[in-house]
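Residue-level listing of the chains:
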Amino acid sequence: MNLSPDQLKLVLYPDAVLRAKAEPVSEFDDRLAGIAQRMIEIMREEDGIGLAAPQAGVSIRVFVCDVPAHPGEQPGEDGVRFATDGPIAFVNPTIIDSSDSRTSLEEGCLSLPDIRGDVIRPEAVTMTAQDLNGESFKIRAGGLLAKCLQHELDHLDGVLIIDKMSQMSRMKNRTKLRRLKQG
Ligand code: CO
């Protein structure tokens, strides 16, 4: 893939890049910054709260997310965050801790238009990643932010919500999914 970053476009299921295991990033250069910038643009154009690089057709371990704060939802005393303060890029992300408690949330995905389904995931996670300069950082997330981080990390391993949604949701989306597959 040698497209210039501004040519990147949203990739839809069933494109094979969405099923590939993405490659770790080792060069923190202008190209990486350009790709992340374009990913943020696509996420905004599509009204999403997260986008993984494979969804822009680039199989590297990067995602962006921008989860707005909800009124009354303040960071917890334990440093758990529920929102980002603007868009953040996560490079080479890893989950180092997950809560035992799991909750179900109806999720959608920009690469699966019109498909929504209930996915059960840990309620809170701690993630480490690098920023666009290669500096490591750690974030403890709950609420929608925790779900978003886990959803985007799944993308880097070729995993989609249709693999994890409840049986009921799978049934409900059967026809839409078949249409998407037919293109
Ligand atoms: Co998605």
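Higher on the page you've got the structure.
Owing to the predicted nature of the structure, the values given are computational and were not obtained by experimental measurement.

A. Structural context of a positive patch on the surface. Residues Arg174, Lys176, Arg178 and Arg179 make up a contiguous surface patch of positive charge. Mapped onto the secondary structure, Lys176 falls in helix α5 (residues 174-182). Using a relative accessible area of 39% as the deciding quantity, one classes Lys176 as partly exposed.

B. Helix α1 (residues 30-45), seen in detail. Given a rise of 1.5 Å per residue, 16 residues ought to cover 22 Å, and the 22 Å separating the end C-alpha atoms of α1 matches this to within 8%. Taken together, the buried positions of α1 are Leu32, Ile35, Ala36, Arg38, Met39, Ile40, Ile42 and Met43. Packing partners of the buried residues in α1 comprise β1 (50-52), β2 (62-65) and β3 (88-98). Where α1 terminates, the next one or two residues include Asp47, which has phi positive at roughly 60°.

C. Broad picture of the pattern of salt bridges. All chains considered together, the criterion is met by ten salt bridges. We note a salt bridge from Arg121 to Asp154, for which the minimum N-O separation is 2.9 Å. With Arg121 in strand β5 (residues 116-122) and Asp154 in helix α2 (residues 143-156), this residue pair connects regions lying 33 residues apart in the sequence. The class for Arg121 is buried, based on a relative accessible area of 3%. The salt bridge partner of Asp154 is Lys164, with a shortest N-O separation of 2.9 Å. Of this pair, Asp154 sits in helix α2 while Lys164 sits in helix α3 (residues 161-164), and the two are ten residues apart along the sequence. The network of salt bridges with shared partners includes Glu107, Arg121, Asp154 and Lys164.

D. The side chain of Arg61, seen in detail. Looking at the element boundaries, Arg61 is found in the loop between β1 and β2. Relative accessible area serves as the criterion here: at 11%, Arg61 is assigned to the buried category. Discounting residues that sit within four places of it in the chain, Arg61 has contacts with Lys21, Ala22, Glu23, Pro24, Val25, Phe90, Val91, Asn92, Pro93, Leu153, Leu156 and Asp157.

E. The pairing of strand β7 (residues 136-141), seen in detail. Strand direction decides the pairing type here: strand β6 (residues 125-130) and β7, joined by six bridges, are antiparallel. Paired with Thr126 across the two strands is Arg140, which belongs to β7. Adjacent in sequence and paired antiparallel, β6 and β7 are bridged by five residues, among which Gly134 carries a positive phi angle near 90°.

F. Looking closely at the environment of Gly86. Relative to the elements of secondary structure, Gly86 occurs in the loop between β2 and β3. Sequence spacing of Gly86 and Asp66 is 20 residues, and the spatial spacing of their C-alpha atoms is 5.6 Å. Once residues within four sequence positions are removed from consideration, Gly86 is found in contact with Cys65 and Asp66.

G. Looking closely at the side chain of Glu152. Looking at where Glu152 falls in the secondary structure, it is placed in helix α2. The side chain of Glu152 sits in the buried core without any salt bridge; Arg121 is the nearest counter-charge, 8.3 Å away. Discounting chain neighbours no more than four positions away, the residues touching Glu152 are Gly50, Leu51, Ala52, Gln55, Phe63 and Val64.

Conventions used here
- Along every chain, residues carry numbers that run from 1 in the direction the sequence is written.
- Residues qualify for local features only when their pLDDT is at least 70, as the model is predicted, and side-chain atom pairs are given and counted only at 80 or more; totals for whole chains, interfaces and linings, by contrast, use all residues.
- Note: side-chain values were computed over all heavy atoms of the structure, leaving out hydrogens and water.
- Patch building starts from residues that exceed 30% relative accessible area and form no salt bridge, then joins like charges within 9 Å and nonpolar side chains (Val, Leu, Ile, Met, Phe, Trp, Tyr) within 5 Å.
- Working definition of accessibility: Shrake-Rupley area with a 1.4 Å probe, residue cover restricted to the visible protein chains.
- Each reported salt bridge corresponds to a side-chain nitrogen of Lys or Arg within 4 Å of a carboxyl oxygen of Asp or Glu.
- Residues counted as positive are Lys and Arg, residues counted as negative are Asp and Glu, and His and the chain ends are not counted.
- Taken as the charge location is NZ of Lys, CZ of Arg, CG of Asp or CD of Glu.
- Segments assigned H or I by DSSP are reported as helices when at least four residues long, segments assigned E as strands when at least two residues long, and all are numbered from the N terminus.
- For the exposure calls, accessible area comes from a 1.4 Å probe over protein chains only, and a residue counts as buried if that area is under 20% of its type's maximum, exposed if over 50%, partly exposed in between.
- In a helix, the anticipated span is given by 1.5 Å times the number of residues less one.
- Working rule for contacts: check all heavy atoms of both residues, and any pair within 4.5 Å makes them a contact.
- Here a strand pair is declared whenever DSSP counts at least two bridges between the two strands.

The analysis is restricted to geometry; functional conclusions fall outside its scope.
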